[in-house]
2 protein chains.
Amino acid sequence: MTISFKDIEIAYKKIKDFITKTPLVSNDYINNLLDAEVYFKLENLQNTGSFKLRGATHKILTLSSDIIDNGVVAYSSGNHAQAVAYAAMKKNISAKIIMPKNAPKIKIENTKEYGAEVILYDAFFESREQIGNDIKEKENRSLIKPYDDIDIIAGQGTAGFEIAEDLKKLSITPDIYLCCCGGGGLIAGTSTYLKHEFPNLKSYSIEPEGFDDTKISLENKKIIKNSSKTESICDALLAPMPGDITFPINLQNLEGGISVSDEEVKKTIIFLSEHLKIVVEPGGAVAVAALLNKKINVKNKKIVVMISGGNIDLDLFSSL
Amino acid sequence: MTISFKDIEIAYKKIKDFITKTPLVSNDYINNLLDAEVYFKLENLQNTGSFKLRGATHKILTLSSDIIDNGVVAYSSGNHAQAVAYAAMKKNISAKIIMPKNAPKIKIENTKEYGAEVILYDAFFESREQIGNDIKEKENRSLIKPYDDIDIIAGQGTAGFEIAEDLKKLSITPDIYLCCCGGGGLIAGTSTYLKHEFPNLKSYSIEPEGFDDTKISLENKKIIKNSSKTESICDALLAPMPGDITFPINLQNLEGGISVSDEEVKKTIIFLSEHLKIVVEPGGAVAVAALLNKKINVKNKKIVVMISGGNIDLDLFSSL
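Conventions used here
- Residues numbered from 1 in each chain as written.
- Chains lettered and ligands numbered in written order.
- Predicted model: local features only at pLDDT ≥ 70, side-chain atom pairs only at ≥ 80, totals over all residues.
- Least-squares fit on C-alpha atoms with pLDDT ≥ 70 in both.
- Contact = placed C-beta atoms within 7 Å.
- Domains from an automatic or database assignment.
- Helix = DSSP H or I, 4+ residues; strand = E, 2+ residues; numbered from the N terminus.
- Core = buried A, V, L, I, M, F, W, Y, C linked by C-beta atoms within 7 Å.
- Buried ≥ 20, exposed ≤ 12 C-beta atoms within 10 Å, placed from the backbone.
- Axes fitted to C-alpha atoms, helices over the stretch in contact; angles between N-to-C directions.
- Parallel < 35°, antiparallel > 145°, perpendicular 65-115°, else oblique.
- Left-handed = near helix turned anticlockwise from the far one by under 90°.
- Nonpolar A, V, L, I, M, F, W, Y, C, P; charged D, E, K, R; others polar.
- Pairing = 2+ DSSP bridges.

So, about the relation of the copies chain B and chain A. Between chain B and chain A, which share one sequence, the superposing operator has a rotation angle of 180 degrees and an axial displacement of 0.0 Å; the RMSD is 0.0 Å. Taken together, the rotation angle and the small translation identify this as a two-fold axis. In this assembly the copies share their binding face: 100% of the residues contributing to the interface of chain B also contribute to that of chain A.

Pasting the structure below:
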């Protein structure tokens with residue numbers, strides 16, 4: 001199962017009135033610092049504070065109304081949760097969302113505020129997939145998966161459509177694309193569209209250290225789980241392994257994977273608030289962390305960098 | 001001395017390769033909260049972190065090269081300082097900037113980083129105009145005034161040109177325009193352009209309490225100084241009175257003035273980081289504070305709100 005740029009264009013037509021076209025911005029200070037031309041896609045400015053609204057909206061608009069009327073169920077560390085709750089609210093359907101007890105408060109609160117029923121679980125002792133499937137079966141709800149679903153991938157890919165549209169207006173052909181990677185839905189969708197528009201583009205997945213399953217899987221050309229039980233502040237990017245649908249797409253589209261440390265991510269969040277005047281959550285900052293820490297040679301290159309979300313608890317933000 | 005929309009279009013052509021076209025964004029959450037359609041102009045994402053780069057760049061590009069080669073001098077609480085330093089650096093000319101000792105650290109540091117010589121003065125005992133004029137005379141430098149200059153006003157007005165361009169693409173006719181006001185250069189320029197494009201637009205200046213000289217001057221149809229010696233966290237908006245050139249323009253363009261308290265501004269800065277995922281300085285947040293505190297009836301209206309800058313010291317930001 002795969003997708004083409006056409007699927008993404010069709011998805012964009014469906015969802016464009018339900019989402020915000022987020023800006024693609026450049027900044028002289030950062031360009032001078034890196035001796036490069038960098039374009040940041042600000043999905044932290046998307047409604048619900050992350051790109052996840054694209055996929056969730058697309059999935060919900062794609063399901064037939066007799067199915068969707070029974071409501072939806074989803075599991076998520078937080079951004080997909082808010083997105084599904086929000087998209088369901090907009091279509092006036094019921095949503096149940098399974099979230100880890102230790103998810104950022106802002107994400108749990110927002111999900112509730114969007115009218116969803118939140119079911120908290122213990123990530124160490126319980127399986128969110130199990131709880132989700134049980135509710136799906138019992139209540140006849142549609143399960144909206146966070147990434148391993150072709151409609152979700154096409155929806156996330158619409159961020160790539162907007163990037164390409166903006167770059168073409170400026171007559172810019174990018175050399176490199178850096179994008180965060182949890183389950184791999186966003187990078188699978190966006191890299192598909194960008195590669196179609198810019199065939200020489202080199203795309204890289206960025207993950208937190210210890211959760212670099214896509215990097216390792218790309219190197220081994222097969223799906224490999226994270227071995228360690230480490231922790232990371234990048235709560236949005238802790239998927240245990242690449243998806244069965246996302247991985248083959250990423251294997252085809254990507255040059256390779258890069259990992260960044262929590263320390264690098266924290267410094268990046270501060271840097272972005274000082275120099276780009278935006279609020280970014282840890283998972284949303286990894287691609288910028290890779291850029292600033294020169295994990296890849298960007299000199300004299302044109303680079304597109306995804307900033308995927310901004311849902312950071314304010315007490316963590318101010319503690320940095 | 002006044003300006004027309006044409007002057008602003010000419011200024012835009014001159015400066016557009018030196019500035020960033022900043023985004024105009026909308027946010028579902030805020031629209032629902034206010035029962036209105038709000039468009040935020042993000043000049044905090046401008047290079048140097050505020051709109052001031054527009055006017056400073058325009059002024060420096062307008063002066064003839066034999067004059068400008070002697071260098072420039074400017075006085076400013078910080079955003080104009082950074083802008084003049086930056087624009088001078090880009091043109092490879094010398095800049096001396098007079099700043100108050102108690103200006104935000106970030107503003108002083110950035111001004112130095114852009115290669116300017118910073119001269120600190122005591123705002124209670126010394127006159128920045130006096131120091132500026134002395135340097136101008138002695139060293140034959142061009143004085144780049146912060147707001148009361150027709151070229152500066154035309155430059156700041158280019159933010160209005162961009163707003164109009166974006167709104168027209170979306171086929172939106174705004175009802176209300178809310179803009180911060182210190183000396184009045186930004187609102188004079190932008191309201192001139194927006195009123196030309198949208199003749200029924202009602203524009204309002206927003207100032208900190210105790211520094212609402214434009215509000216009071218508009219009510220009395222003549223320039224009146226701030227009477228009090230109060231303080232405000234809005235360091236960018238503490239001009240003692242409207243400008244001789246800006247005021248007649250604003251008197252013609254504006255419906256009236258609104259003032260907001262420091263407490264309202266602080267809450268607004270937090271709100272904007274939580275819900276719009278952006279970093280805004282106190283002076284940049286006043287128009288949003290007026291909006292959120294419903295100082296004006298916005299129900300079912302289309303409102304453009306200027307967010308003018310993001311240069312806030314991170315220790316103040318995190319203390320909020």
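Interfaces are often sized by the amount of accessible area the parts lose when they come together. Residue and element names in this part refer to chain A. For chain A, the domain assignment lists domain 1 (5–50 + 149–319) and domain 2 (53–143). Centre-to-centre, using C-alpha coordinates, domain 1 lies 23 Å away from domain 2. Taken together, the 26 residues of domain 1 in the interface contact 20 residues of domain 2. When residues of the side of domain 1 that touches domain 2 are traced back to their parent elements, those giving at least two are helix 1 (5–15) and helix 8 (150–169). Take the side of domain 1 that touches domain 2: its biggest share by element is seven residues, from helix 8.

A separate point is the nonpolar core. Nonpolar side chains in soluble globular proteins tend to end up buried together. Among the nonpolar cores identified, the biggest contains 191 residues, and Val84 and Leu178 of chain A together with Val84 and Leu178 of chain B are the most heavily contacted of them. Setting aside its immediate chain neighbours within four residues, valine 84 of chain B contacts Ala56, Val72, Ala74, Ala95, Ile97 and Ile144 of chain B.

Helices that pack against each other are described as a pair by the angle of their axes relative to one another and the distance between those axes. All names here are of chain A. At a minimum axis distance of 7 Å, the contact between helix 8 and helix 9 (residues 185–197) shows a crossing angle of 45 degrees. In terms of axis orientation, helix 8 runs oblique to helix 9. In terms of crossing hand, the pair formed by helix 8 and helix 9 is right-handed. Taking contact as the criterion, the partners of Ile152, Ile153, Ala154, Gln156, Gly157, Ala159, Gly160, Phe161, Ile163 and Ala164 in helix 8 are, on helix 9, Gly185, Leu186, Ala188, Gly189, Thr190, Thr192, Tyr193, Leu194 and Glu197. When grouped by side-chain class, the residues that make up the contact of helix 8 with helix 9 number eleven nonpolar, seven polar and one charged.

Residue and element names in this part refer to chain A. If you trace the six strands from one edge of the open sheet to the other, you get 1-2-10-7-8-9, paired in mixed fashion. Strands at the two margins of the open sheet, each flanked by one partner only, are strand 1 (24–25) and strand 9 (254–260). Bridging between strand 1 and strand 2 (residues 37–42) involves two bridges; their strand directions are antiparallel. Bridge pairing links leucine 24 to lysine 41 in strand 2.

A word on the environment of aspartate 69 of chain B. Residues and elements named next belong to chain B. In this fold, aspartate 69 is placed in the loop between helix 4 (65–68) and strand 3 (72–75). Using a count of 14 C-beta atoms within 10 Å as the deciding quantity, one classes aspartate 69 as partly exposed. Separated by 41 residues in sequence, aspartate 69 and asparagine 110 have C-alpha atoms that sit 23 Å apart.

The partner chain A presents 19 residues to the 19 residues of chain B that form the contact. For the side of chain B that touches chain A, the secondary-structure elements that each account for two or more residues are helix 2 (28–34), helix 12 (262–275) and helix 14 (314–319) of chain B. Per-class residue counts for the side of chain B that touches chain A are seven nonpolar, nine polar and three charged.

All names here are of chain B. Closest axis-to-axis distance for the helix 3 (residues 52–62)/helix 5 (residues 79–90) pair is 8 Å, and the angle between their directions is 45 degrees. Regarding the angle of helix 3 to helix 5, the classification is oblique. In this structure, helix 3 meets helix 5 at a crossing whose hand is right-handed. Here helix 3 contributes Lys52, Leu53, Ala56, Thr57 and Ile60 to the contact with helix 5, which in turn contributes Asn79, His80, Ala83, Val84, Tyr86, Ala87 and Ala88.

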